[in-house]
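# Architecture at a glance
If you want the building blocks of each chain, they are given just below.
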Amino acid sequence: MNQDDKKRAAGEAAVEYVKPGSIVGVGTGSTVNYFIDALEPIKSQIKGAVSSSEASTERLKALGIEVFDANDVASLDVYVDGADEINARKHMIKGGGAALTREKIVAAIADKFICIIDDTKHVDVLGEFPLPVEVIPMARSYVARELVKLGGDPCYRQGVVTDNGNVILDVHNMKIQDPKAIEDTINGIAGVVTVGLFANRGADVVLTGTENGVQKIAD
Ligand code: 5RP
């Protein structure tokens, strides 16, 4: 079983959490693409989705699943999304696909965050994967200097403009021992739109695709 098979298994397992008649929060990435594909056979049983990126919106619409504006939805039962890294407390690094801000918004609206990953994503300490930070373009250099002061090594993700018209700094060489505190600190830097740390609002359920099937971790 390769990494893609594990992602597919995790994505398909998440369908179990989608309630009939509901609007489902949908994340972004290759694992979520498998989840979206698995929604297709049950699309007549759901109202639709709120999406965290233009890419996911396009895929949902292509399968005939209605996509709602987040402003028109008061609450969501579940938000299903992948992660770049996750620790034992279900804190995550996200944003490898540059969709972190909209992902954080849809996650905030949802009652439950279902994280779907393959088994390479589990870590003891977050930070081996470069931490994405979405930044207002005019603040890029200032924010980079502030991230250096925090001990990181920020790198401008060349050629990437987010769905919100901003840029991404990927912070290398940060061992994130206290994810909630680092999330608050980086979010407090002027010009930062959001940091890709999901610790204050972590995952509720983790579905991991492994050689031995999908393993579930829940509260
Ligand atoms: C996108 C994300 C993704 O969830 C994360 O990058 C994982 O992606 P994949 O499922 O392709 O491994 O945060 O911004």
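Residues numbered from 1 in each chain as written. Predicted model: local features only at pLDDT ≥ 70, side-chain atom pairs only at ≥ 80, totals over all residues. Heavy atoms only, no water.

- Looking at an unreviewed UniProt entry, the protein chain carries the name Ribose-5-phosphate isomerase A, with the source organism given as Salinivibrio proteolyticus.
- For the protein chain, the Sequence similarities (unreviewed entry) comment in UniProt is given as "Belongs to the ribose 5-phosphate isomerase family."
- On record in UniProt, under Function (unreviewed entry), the comment for the protein chain is "Catalyzes the reversible conversion of ribose-5-phosphate to ribulose 5-phosphate." (UniProt positions renumbered as here; feature names shortened; annotations may be inferred.)

### What to know about the sheet that holds strand β2 (residues 48-51)
- Read from one edge of the open sheet, seven strands run β3-β2-β1-β4-β7-β13-β14, paired in mixed fashion. Each end of this open sheet is capped by a strand with a single partner; those strands are β3 (67-68) and β14 (213-218).
- Alignment of strand β13 (residues 205-210) against β14, held across six bridges, turns out to be antiparallel. Bridge pairing in β14 links L207 to K216.
- Relative to strand β1 (residues 23-26), helix α2 (residues 30-39) is tilted by about 160°, and along the sheet it contacts β1, β4 (76-81) and β7 (110-118). (Pairing = 2+ DSSP bridges. Helix = DSSP H or I, 4+ residues; strand = E, 2+ residues; numbered from the N terminus. Contact = heavy atoms within 4.5 Å. Axes fitted to C-alpha atoms, helices over the stretch in contact; angles between N-to-C directions.)

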